[in-house]
There are 2 protein chains.
Amino acid sequence: MKSTQVIAALEALAQEHRLAAFRALVQAGPQGLTPSVLSEKLGLPAPTLSFHLAQLRHAGLVSVTRDGRSLIYAADYDAMSGVVDFLTENCCAGAACAPASCAPAAKPKEKTHETPARARRRA
Amino acid sequence: MKSTQVIAALEALAQEHRLAAFRALVQAGPQGLTPSVLSEKLGLPAPTLSFHLAQLRHAGLVSVTRDGRSLIYAADYDAMSGVVDFLTENCCAGAACAPASCAPAAKPKEKTHETPARARRRA
DNA sequence: TTCATATTTCCATAATTATGGAATCGTTAT
DNA sequence: ATAACGATTCCATAATTATGGAAATATGAA
């Protein structure tokens, strides 16, 4: 996954209402939820919610399908998985950041480094 | 980890320069890097970098210590781990989103749901 | 058709975030 | 002291994002 995609996803999730919406969609599972249900659940006016859902959609985190007059938004698990993988591989010290469910690896050693200034001070 | 903290962390990482800085710090390991080194590495003017490092700091993703005239920024692995855990637990379908390094669990079943409109249409 | 419902787009406004030069602060060397 | 260095804060400006009412669009019902 490219870092620009990851940034888009993080940007999308880094907002109270969007994170809440996404969590609700994850909870709802593959069958998803309609904007009106989400609007009710989250207490957001329709245009505001629509704006946020569009953000999530553009970030590739949710998909939309139509069912009659309703749209159905559903979480894209693969996309989310990609984000988590990126963070785990690039932004954690490898295995050190694996979820608790995995056999926890040792944290990177705290080898206190010899900095120039410290050496100078001692001398 | 509270969702407000997670949002702060995602917000911090959802920016090109900050994500790059954080990745560099993760790569650098516990001994960290100074702003001048980062400034060089990322090609950012000092005040701009300082601004972004402050964001990362406020989000709790990096720590700062002083060594002589230099400051030393280091990635906070625990914080990052907390973020990944939150995303894995709350924003993926549980095990479905675990990193590839873990035994991959089955994806949530795509049980195509019976929506009201679909039922109506058939009737 | 005409009407009602679900949702989005449009738009103006408010609020937040990013940028980088100039000035400032803390630390070390002379 | 004073100079030099590393880094931050200050500040004005530009750019982006969020908000929600009003209007428009699409679909299905009467």
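Look up a bit, the structure's there.
What counts as what
- Residues numbered from 1 in each chain as written.
- Chains lettered and ligands numbered in written order.
- Predicted model: local features only at pLDDT ≥ 70, side-chain atom pairs only at ≥ 80, totals over all residues.
- Heavy atoms only, no water.
- Helix = DSSP H or I, 4+ residues; strand = E, 2+ residues; numbered from the N terminus.
- Contact = heavy atoms within 4.5 Å.
- Areas by Shrake-Rupley, 256 points an atom, 1.4 Å probe, with all protein chains shown as cover.
- Near = heavy atom within 4 Å.
- Polar contact = N/O pair within 3.5 Å; in protein donor to acceptor, adjacent residues only side chain to side chain.
- Core = buried A, V, L, I, M, F, W, Y, C linked by side-chain atoms within 4.5 Å.
- Buried < 20%, exposed > 50% of the residue type's maximum accessible area, 1.4 Å probe, protein only.
- Pairing = 2+ DSSP bridges.

Q: Explanation requested: the overall build of chain A in the structure shown.
A: For chain A, the helix and strand inventory stands at six helices and two strands. Starting at the N terminus, the α and β elements of chain A follow one another as α-α-α-α-β-β-α-α. Long-range pairs, those at least 24 residues apart, make up 51% of the contacts in chain A between residues at least 6 apart in sequence. Of the roughly 6,700 Å² that chain A leaves accessible, carbon and sulfur atoms contribute 52%.

Q: Looking at this structure, how should I read the protein's contact with DNA strand C?
A: Taken together, the neighbourhood of DNA strand C is formed by 24 residues, with Ser36 and Tyr73 of chain A together with Glu11, Arg18 and His52 of chain B sitting nearest. A distance of 2.3 Å separates a phosphate oxygen of DNA strand C from a polar side-chain atom of Tyr73 of chain A. The leading source of residues in the surface near DNA strand C is helix 4 (residues 46-58) of chain B, at five residues.

Q: Honestly, the protein's contact with DNA strand D in this entry has me stumped. Any pointers?
A: As a structural note, the neighbourhood of DNA strand D is formed by 24 residues, with Glu11, Arg18 and His52 of chain A together with Ser36 and Tyr73 of chain B the closest of them. The sugar-phosphate portion of DNA strand D accounts for 74% of its atoms within 4 Å of the protein, the bases making up the rest. Measuring from a phosphate oxygen of DNA strand D, one finds a side-chain N or O atom of Gln55 of chain A at 3.5 Å. Elements that contribute at least two residues to the surface near DNA strand D include exactly helix 2 (16-28) and helix 4 (46-58) of chain A together with helix 3 (35-42), helix 4 and strand 2 (70-75) of chain B. Broken down by element, the residue count for the surface near DNA strand D peaks at five residues, all from helix 4 of chain A.

Q: Before we go on, may I ask you to explain the nonpolar core in this structure?
A: Across soluble globular proteins, nonpolar side chains have a tendency to be buried as a group. Among the nonpolar cores identified, the biggest contains 66 residues, and Phe22 and Leu61 of chain A together with Phe22 and Leu61 of chain B are the most heavily contacted of them. Discounting residues that sit within four places of it in the chain, Leu61 of chain A has contacts with Ala9, Ala12, Leu13, Phe22, Leu56, Ala74, Ala75, Asp76, Ala79 and Met80 of chain A.

Q: I keep staring at the pairing of strand 2 of chain B and nothing clicks. Help me out?
A: On a regular strand, each side chain points to the face opposite its neighbour's, so the side chains alternate between the two faces of the sheet. Residue and element names in this part refer to chain B. Across six bridges, the pairing between strand 1 (residues 62-67) and strand 2 is antiparallel. From the neighbouring strand, Ser63 faces strand 2, where its bridge partner is Ala74. The hairpin formed by strand 1 and strand 2 contains two residues between the paired strands, and Gly68 there has a positive phi angle of roughly 65 degrees.

Q: I'm lost on the environment of Asp67 of chain B in this one. Help?
A: Residues and elements named next belong to chain B. Examined against the element boundaries, Asp67 turns out to sit in strand 1. Taking the relative accessible area as the measure of exposure, Asp67 reaches 8% and is therefore buried. Along the chain, Asp67 and Thr34 lie 33 residues apart, while their C-alpha atoms are 9.4 Å from each other.

Any functional reading would require information that these geometric values do not contain.
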